[in-house]
Amino acid sequence: MNFSVYLTRRVLSSIPLLLGVSIILYGVLHLAPGGPTDVYADNPSVSPEALKNLERELGLDQPVPIQYLRWLGALLRGEWGYSIRSGRPVTADISERVGPTLALGGTAFALALLVALPLGILSALRRYSATDYIFTFLSFLGISMPIFWLALMLQALFAINLRLLPSAGLETIGDGSFVDRLRHLILPACILAVANIASWGRFVRSSMLDVLGLDYIRTARAKGLSERVVTYRHALRNALVPVVTVIALDFAAILSGAVITETIFAWPGMGRLFLEAMNGRDYPVLMALLMIGSFALIVTNVLTDLVYSLIDPRIRYE
Amino acid sequence: MSQAVSTPILKPRRDESFVGRAFRRFRRHKLAQAGLVVLILLGLAAIFAPTLTPYTFDGQDPALLGQPTAPSLKHPMGTDQLGRDNATRILYGARVSLLVGLSSALVATLLGTLIGALSGFYGGWTDAVLMRFTDMVLSIPILPLVIALSGFLRPSLVLLVLIIGGLGWMSTARLVRSQFLSLRTREYVEASRALGGSNSRIMFRHILPNAVGPIVVSTTLAVGGAILLESALSFFGLGVQPPTPTWGNLLNGSADWLETAPWLAAFPGLFILITVLSVNFLGDGLRDALDPRL
């Protein structure tokens, strides 16, 4: 079987996967007690009849399976529905939040990569040195870090005590220049990158150590190649193959991790929209965001396989 | 290299038991032992919290009402704006945080082991259905879903454990499945079958004990993840509700005082960090000790 057949099969098999995911998500969200009209339940000026009308209008009086089929039918026609809170199309509500999230997630991703790669390589090359021990300890610290707490502490330090950086938001009202936006980006991007720096760094280190112990590295050294060439030309290239998988799969995770970071830093992205939609029981927006998240996970999964086969010619899809 | 090459510490000893070897390997991992000691101390402190502190977690000192006070001899971690002793609240918070972390990890392990065992042992349709289901749950962004569910349900402690555990079993299921796939063809399985052993006997009396090492490691690491998740939920006001203190909801209450009383936020977070760090060190040591692949 050649690669294009494999790829086609992977893409086709992700359709039932997405369908299954949508059933689970829709069921779980809609079967939980309570609903979007709860906010009016205790309001004396809203009569029970008005509530009933509102529920009928939103289609909430139907059984959940019927609601699901309607939602799915609309989705297949490219209709994401309307936000219960804002009344605007879901696509409009979400599209204005995509930019900030991608800016934050992309910066965090690049930052994590730029720090984790050199640290992991260095740590592997100087195995059992002080550098290695310090790095290993710090990476454990990063993996164990409650990032929302780290965010609070950094806000306290840099925004409140030192007054070096803004504590929250996308930009200063009335400013909004590139430098101003960059200053707002620093803290949330660092916070979002912390856990990934730690886990990727450890992964790079162990992958590098695996490769450095192989026979062909000894051969390369025996040929009299310089340590530089051995390390970067021979070892690193092969060590990066498994690393690519882990890093690519984590990109989608960074986006969903943004729920916490965006909320703490009042960053107007998709993660914060998710919490806002959750508080208002805005089912169409919640479903859309969760489906986008699942879609991102599945796509990165398939893409990773693709990239994997391109950079490692040994891999054949039988 | 000179001939003074250090002799390998791992001397093969022929008549050494699995437990003996695991124990010896664990003894070499100093950080894991330190983690274990810290966790035991924290556990004891949580259990004996009422005898360790002269205050109660909701007891207020009327003289200290209104403003948080800084750490002092009487109140080593200060008091909050309601005049409650912060150290006491953190100590009582440890009870809930550790309990939720442990039980969530156990729920996830039980579910994952059951699904993985059935899948790996029976193969065929059972395997196909269970693994497609696992794939589906793995394709869901778990953190947002957990946040949404907690926001909707305002869960009790038990429900919170079920939510965190119920959405964290997937990696264990895959791990157990792969163990079962390789172990089910062993001779001792055949022998048990020849002696008339039932499927459930073979699965849980013969195969499972041989797969227990990796399961213990993954459970340990899951405890750390569950503590982090619970504290994040409670930090957003979605997990355990006040007045019951947990490390997460203590942080929630202290965020407003970041400017005037930063120590209120510093201590609960430090406890989360130290606990999860200890758990991760312990898990790393257990992996060295128990994982036969090393």
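What this report covers is the structure whose coordinates are included nearby. (Residues numbered from 1 in each chain as written. Chains lettered and ligands numbered in written order. Predicted model: local features only at pLDDT ≥ 70, side-chain atom pairs only at ≥ 80, totals over all residues.)

A short note on the overall build of chain A
Along its length, chain A carries 12 helices and zero strands. When the helices and strands of chain A are read in sequence order from the N terminus, they spell out α-α-α-α-α-α-α-α-α-α-α-α. Projected onto its principal axes, the C-alpha positions of chain A cover 85 × 60 × 35 Å. Put simply, chain A has 318 residues, and 33% of those count as buried. Residue pairs in contact within chain A that sit at least 24 positions apart in sequence constitute 72% of those at least 6 positions apart. (Helix = DSSP H or I, 4+ residues; strand = E, 2+ residues; numbered from the N terminus. Buried ≥ 20, exposed ≤ 12 C-beta atoms within 10 Å, placed from the backbone. Contact = placed C-beta atoms within 7 Å.)

Notes on the environment of Pro71(B)
Residues and elements named next belong to chain B. Inspection of the secondary structure puts Pro71 in the loop between helix H3 (49–52) and helix H4 (86–122). Judged by C-beta crowding, with 15 C-beta atoms within 10 Å, Pro71 ranks as partly exposed. Sequence-wise, Pro71 and Asn86 are 15 residues apart; in three dimensions their C-alpha atoms are separated by 8.9 Å. Among all residues touching Pro71, those that are not within four sequence positions of it are Pro76, Met77, Gly78 and Trp263.

Here we look at the nonpolar core
In this structure, Leu286(A), Leu289(A) and Val146(B) are the most contacted members of the largest nonpolar core, which totals 139 residues. Sort the elements by how many residues they give to this core and helix H8 (residues 178–212) of chain A lands first, with 16 residues. Filtering out sequence-adjacent residues up to four positions away, Leu286(A) remains in contact with Leu29(A), Phe274(A), Ala277(A), Met278(A) and Ala148(B). (Core = buried A, V, L, I, M, F, W, Y, C linked by C-beta atoms within 7 Å.)

Let's talk about the packing of helix H5 (residues 90–125) of chain A against helix H10 (residues 227–264) of chain A
Residue and element names in this part refer to chain A. Two numbers describe how H5 lies on H10: the axes approach to 10 Å, and their chain directions differ by 145 degrees. Seen from above, H5 lies across H10 with right-handed handedness. Packed against H5, whose contacting residues are Thr101, Leu104, Gly105, Ala108, Phe109, Leu113, Ile121 and Leu125, the element H10 presents Thr231, Leu236, Ile247, Phe251, Ile254, Leu255 and Ala258 at the interface. Here the contact of H5 with H10 is composed, by residue class, of 12 nonpolar, three polar and no charged. (Axes fitted to C-alpha atoms, helices over the stretch in contact; angles between N-to-C directions. Left-handed = near helix turned anticlockwise from the far one by under 90°. Nonpolar A, V, L, I, M, F, W, Y, C, P; charged D, E, K, R; others polar.)

Things to note about the interface of chain A and chain B
Interface size is commonly expressed as the accessible surface area that is lost when the partners come together. In this complex, chain A contributes 35 residues to the contact, which on the side of chain B involves 33 residues. For the side of chain A that touches chain B, the elements supplying multiple residues, two or more each, are helix H1 (3–31), helix H6 (130–143), helix H7 (147–161), H10, helix H11 (270–279) and helix H12 (283–311) of chain A. Counted by class, the side of chain A that touches chain B contains 26 nonpolar, nine polar and no charged residues.

Digging into unusual backbone geometry
Both trends apply: most residues other than glycine have a negative phi, and most peptide bonds are in trans. The phi angle at Arg281(A) is positive, at roughly 50 degrees, despite the residue not being glycine. Relative to the helices and strands, Arg281(A) is located in the loop between H11 and H12. The residue Arg154(B) is not glycine, and still its phi comes out positive at about 45 degrees. Within the secondary structure layout, Arg154(B) lies in the loop between helix H6 (142–153) and helix H7 (157–166).

Some points on the packing of H6(A) against helix H13 (residues 263–290) of chain B
Helix packing for two helices is described by the angle between their axes and how far apart those axes are. Packing of H6(A) against H13(B) brings their axes to within 9 Å, and their N-to-C directions diverge by 120 degrees. Taken together, the axis directions place H6(A) and H13(B) in an arrangement best described as oblique. Of the two possible hands of crossing, H6(A) and H13(B) adopt the one that is right-handed. The residues of H13(B) that touch H6(A), namely those facing Phe140(A), Leu141(A) and Ile143(A), are Leu277(B), Asn280(B) and Phe281(B). Residue classes in the contact of H6(A) with H13(B) are distributed as five nonpolar, one polar and no charged. (Parallel < 35°, antiparallel > 145°, perpendicular 65-115°, else oblique.)

Some thoughts on the environment of Glu230(B)
Residues and elements named next belong to chain B. Tracing the chain through its elements places Glu230 in helix H11 (residues 212–235). Judged by C-beta crowding, with 31 C-beta atoms within 10 Å, Glu230 ranks as buried. When near neighbours in sequence (up to four residues on either side) are disregarded, Glu230 contacts Ser97, Val100, Gly101, Leu160, Ile164, Gly239, Thr246 and Gly248.

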